[in-house]
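Letter by letter, the chains look like this.
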Amino acid sequence: MNRNNRLVRFTHRPEGRPSPEIFALAMQPLPALKAGEFLGRNCYLSMDPALVGRMRGESNYAETVEPGETMHAYGLTQVIESRHPAVKVGTVLLGRCDMQEYLIASDASAFTRINLGLAEPTAYLSAVGITGATAYFGLFDLGRPKAGETLLISAGASSVGSIAAQLGKSFGLRTVAIVSSEDKAEQAKQEWGYAAAVSYRGKSIEQLSADIARACPNGVDIYFDNTSGDISEAVLDHFNDFARHIVIGRLGISHLSDTRQDVGRRDNNAILAKRIRKQGMVLLDHKPRMMSAIVQLAKRVRHGEIQLKDDVLEGIENVPKAFFRMLNGESQGKQLVRLAEIDLSADSTPRWPGRLITARWFPTAALARLLAR
Ligand SMILES: NC(=O)c1ccc[n+]([C@@H]2O[C@H](COP(=O)([O-])OP(=O)(O)OC[C@H]3O[C@@H](n4cnc5c(N)ncnc54)[C@H](OP(=O)(O)O)[C@@H]3O)[C@@H](O)[C@H]2O)c1
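Residues numbered from 1 in each chain as written. Predicted model: local features only at pLDDT ≥ 70, side-chain atom pairs only at ≥ 80, totals over all residues.

- The protein carries the name Zinc-binding dehydrogenase in an unreviewed UniProt entry, which gives Pseudomonas zhanjiangensis as its organism.

Written as structure tokens, this is what we have:
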């Protein structure tokens, strides 16, 4: 069947903060499948801040998108035609779908088959996917929390930040958020259970620092840093001895054409005097244990310990709008775009292992190991 693929093209590298001209909608006919290929209908795309890093020419931990290419994005695709021996029609796959309605691929190993018994499909783009796993490994592996400690989270209402907050709170930490506005601070306390929340917009580093001191009377033991930049500089004087500063992202310096140009206070004095451990976290390093994180997160979602919130726009033409809603902090939850509905009846992947794993009474560790094979 002849099909057209509507897509969002990346036109040029942004100077400074990305603006809408970096994207152009386009359409191209889909070629016929060759032997070994499969065709996926992209159902959901995830709008992630890390996509900005892919637009920059500077060295990064993720691939770079070249001008003229379809803009990268992670998402869920459902296989609708296959000439690949191991990929069945109907299967739902998680991976790099890019900002387009269809994808043609041959490397099945670049995608993960999702178990729909473990979690709802879209949860794999938030709490039970990259977002949740970033929070999980960042907090537990790098943050090494002890009950009663104070966990401070910048971009505290972001998808990653809000999951880290819920995981931290249920572990017994006192959680504090840094967010853009007072309204968002109130919302963060109500929705994500933060004990306190401060706003940064329109404040000097000194003003924000004073607010952090009030919100964290016992100091900061773990700083889950989604922003870097001035916000993180304001945290410097509030670390306790042996604090952990986990660098997760650079939202606060993403307006710089080259984030290596970031300047600020040198932090060695605080690091030395307080014996702070500052460490970058890249999820790719945790790939071998990804399945066990997914199982842990799916269980917590199923048992209501982690709440999810999605903000879904419809259609390929709304992908640029969704991207800028995410970038401007306007999204009410994980920003997704629905391109097509998933046909759940067409996916023949058995769901029972997922259902068993999330059942309260089941020895989940053994099953998690089985699934991870
Ligand atoms: N290291 C890894 O492997 C890894 C993997 C996934 C994600 N991440 C990182 O995790 C962080 C959160 O990602 P996400 O997907 O959860 O984001 P998200 O849900 O899309 O939320 C983004 C939030 O960033 C805040 N923000 C936007 N511009 C900002 C600015 N200039 N300064 C400060 N805050 C700003 C906004 O909140 P406010 O309105 O409160 O400012 C917005 O709500 C990002 O830094 C991302 O790169 C890292």
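## Brief notes about the domain arrangement of the protein
Consideration 1: Looking at the protein, the domain boundaries give domain 1 (4-125 + 309-372) and domain 2 (130-284).
Consideration 2: For domain 1 and domain 2, the distance between their C-alpha centroids amounts to 28 Å.
Consideration 3: Listed by partner, the interface residues are eleven residues for domain 1 and 14 residues for domain 2.
Consideration 4: Across the side of domain 1 that touches domain 2, the residue classes tally to four nonpolar, two polar and five charged. (Domains from an automatic or database assignment. Contact = placed C-beta atoms within 7 Å. Nonpolar A, V, L, I, M, F, W, Y, C, P; charged D, E, K, R; others polar.)

## Side note on helix α5 (residues 205-215)
Consideration 1: When we look at burial in α5, the residues that qualify are Leu208, Ile212 and Ala215. An end-on view of α5 places all buried positions within 65° of arc, on one side of the element. Structural note: α5 exposes Glu206 and Arg214 on the side pointing more than 90 degrees away from its buried face.
Consideration 2: The elements touched by buried residues of α5 are β9 (174-179), β10 (196-199) and α6 (229-233). (Buried ≥ 20, exposed ≤ 12 C-beta atoms within 10 Å, placed from the backbone. Helix = DSSP H or I, 4+ residues; strand = E, 2+ residues; numbered from the N terminus. Arc of directions from axis to C-beta.)

## What to know about helix α3 (residues 159-171)
Consideration 1: Over its 13 residues, α3 runs 18 Å from end to end, which matches the ideal 18 Å to within 8%, given 1.5 Å per residue.
Consideration 2: Most of α3 is tucked away: ten of the 13 residues are buried.
Consideration 3: Listed in full, the buried residues belonging to α3 are Ser159, Val160, Gly161, Ser162, Ile163, Ala164, Ala165, Gln166, Leu167 and Gly168.
Consideration 4: In the stretch just after α3, Gly172 is the one whose phi turns positive, near 105°. (Expected span 1.5 Å × (residues − 1).)

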